[in-house]
Amino acid sequence: LFLLIISFFLSACNSSGESETKSASVAKETQEIKDYKPGVLEPVATGKEVIGQSPVTIDISNKTQGYMIASYSGSANNALVQVTGVDAVDYRYYIKSKEQAVIPFICGSGSYTVAVYENVQDTEYGFLWTETLEISLDDEVLPFLYPNQYVNFNKKSKAVKKASQLDVDKKDTLETIQTIYNYVIKNITYDYDKAENVQSGYLPVVDETLKTKTGICFDYAALMTAMLRSRGIPSKLVIGYTGDIYHAWISVYTKEKGWIDKVIQFDGNKWRMMDPTFASSADDEDTLNYISDETNYTEKYVH
């Protein structure tokens, strides 16, 4: 039902007319055709360039790669790192004691204000320090290739292994997107009980979603985003509203099309919304029409 029609984009790739086999030479050709090389980019805190002071420090040694790593060594419930870029949106990252958080530079190259707080009691936080950073990325899509606190995965993640299995013989970026998208919408079911009881500050665990095959919209989007990023496909996990309902969906990037915002399925006439949550349960024309209309979606945060 959710077949992605990509013949228009594949015409240049198929012009040679050469037969292909699942050999090492095909794997090499596959990597050349795809926009970015498949593989997990793992964030590293080298300690070469660090800002802040105890109990919260932030390693910005790899800032050109699109991320920084915050560490909290205090004894309170948590610390809060608030990052504001040129879009004037405040992104908040909560870090528990003795833990770290990978924080992306969502707005790409530009100026960022970092403000750090420590939990005092309940929902009250005390100010610790602030700093302004000027960021210049090696590639503007890098923040959407690395894992972060909201899209958390690594080389050992089962979601990464499954994505690799699904992508073993796919020729290009769009074919990989199609395959992973269809896998998620056909294998994950919506958890209505979880949706009714989810707590503020909830973070998806992609391997748990893959194992239980259930989740809320946040889980759907995080799982698919992690799988796509692990295959070298820049992907955004977007949080916002569909109507008056808080919701999550995804956008993807290809070098040919740029960012395909909120849309991915092409039926020969138009793209449809890339919303794996709705698509997984869509069995009527009204739902398909709804996810096809991007005016029904209001973006608030990107991760």
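Up top you'll find the structure we're talking about.
Here the structure is a predicted model, which means the values were calculated and not measured.

**Looking at the sheet that holds strand β8 (residues 124-135)**
- Taken in spatial order, the four strands make up an open sheet running β5-β4-β7-β8, and their pairing is antiparallel. Of all the strands in the sheet, the pair left with one neighbour each is β5 (90-96) and β8. Direction aside, neighbouring strands of the sheet carry axes that sit 20° apart on average.
- As paired strands, strand β4 (residues 78-84) and strand β7 (residues 110-121) are joined by six bridges and run antiparallel to one another. Across the sheet, the residue bridging to Gln 82 is Ala 115, located in β7.

**Comments concerning the packing of helix α3 (residues 158-166) against helix α7 (residues 217-230)**
- Put simply, α3 and α7 touch, their axes get as near as 9 Å, and they point 60° apart. Of the possible angle classes, the one that applies to α3 and α7 is oblique. As for the relative orientation of α3 and α7, their crossing is right-handed in sense. Counted together, Ala 159, Val 160, Lys 162, Ala 163 and Leu 166 of α3 and Leu 223, Met 227 and Ser 230 of α7 form the full contact between these two elements.
- Classifying every residue of the contact of α3 with α7 gives six nonpolar, one polar and one charged.

**A closer look at the environment of His 303**
- Structurally, His 303 is set in the segment after β16 (297-302).
- On a C-alpha basis, the gap between His 303 and Phe 105 in space is 9.4 Å, while along the polypeptide they are 198 residues apart.
- Those residues within four positions of His 303 in sequence are excluded, and the remaining contacts are Tyr 91, Tyr 93, Ile 106, Phe 144, Asn 148, Tyr 150, Val 151, Arg 229, Ser 235, Lys 236, Leu 237 and Ile 239.

**Brief notes about unusual backbone geometry**
- Residue Pro 55 is reached from Ser 54 by a cis peptide bond, and omega for that bond is 15°.
- Looking at the element boundaries, Pro 55 is found in the loop between β1 (50-53) and β2 (56-59).
- Its identity is not glycine, yet Ala 88 carries a phi of approximately 65°, on the positive side.
- With respect to the helices, strands and loops of the structure, Ala 88 is situated in the loop between β4 and β5.
- A residue is classified by how much of its surface remains accessible, and Ala 88, at 58% relative accessible area, is exposed.

**Considerations on α7**
- The first and last C-alpha atoms of α7 sit 20 Å apart over 14 residues, in line with the 20 Å expected at 1.5 Å per residue.
- Along α7, 14 of the 14 residues are buried, which leaves the element largely enclosed by surrounding structure.
- Following α7 by one or two positions, Gly 232 has its phi on the positive side, about 80°.

**Brief notes about the sheet that holds β1**
- Across the sheet, four strands lie side by side as β1-β2-β3-β6; this open sheet has antiparallel pairing. This sheet does not close on itself; its edge strands, each paired only once, are β1 and β6 (99-104). Mean inter-strand twist for the sheet, computed between neighbouring axes without regard to direction, equals 20°.
- Pairing between β1 and β2: four bridges, direction antiparallel. Counted as the bridge partner of Ile 51 is Ile 58 from β2.

**Describing the side chain of Asp 167**
- Tracing the backbone through its elements, the reader meets Asp 167 in the loop between α3 and α4 (173-187).
- For Asp 167, a relative accessible area of 2% gives the class buried.
- For Asp 167, the residues in contact, after removing those within four places along its chain, are Lys 34, Thr 176 and Arg 231.

The rules behind the values
Residues numbered from 1 in each chain as written. Predicted model: local features only at pLDDT ≥ 70, side-chain atom pairs only at ≥ 80, totals over all residues. Heavy atoms only, no water. Pairing = 2+ DSSP bridges. Helix = DSSP H or I, 4+ residues; strand = E, 2+ residues; numbered from the N terminus. Axes fitted to C-alpha atoms, helices over the stretch in contact; angles between N-to-C directions. Parallel < 35°, antiparallel > 145°, perpendicular 65-115°, else oblique. Left-handed = near helix turned anticlockwise from the far one by under 90°. Contact = heavy atoms within 4.5 Å. Nonpolar A, V, L, I, M, F, W, Y, C, P; charged D, E, K, R; others polar. Buried < 20%, exposed > 50% of the residue type's maximum accessible area, 1.4 Å probe, protein only. Expected span 1.5 Å × (residues − 1).

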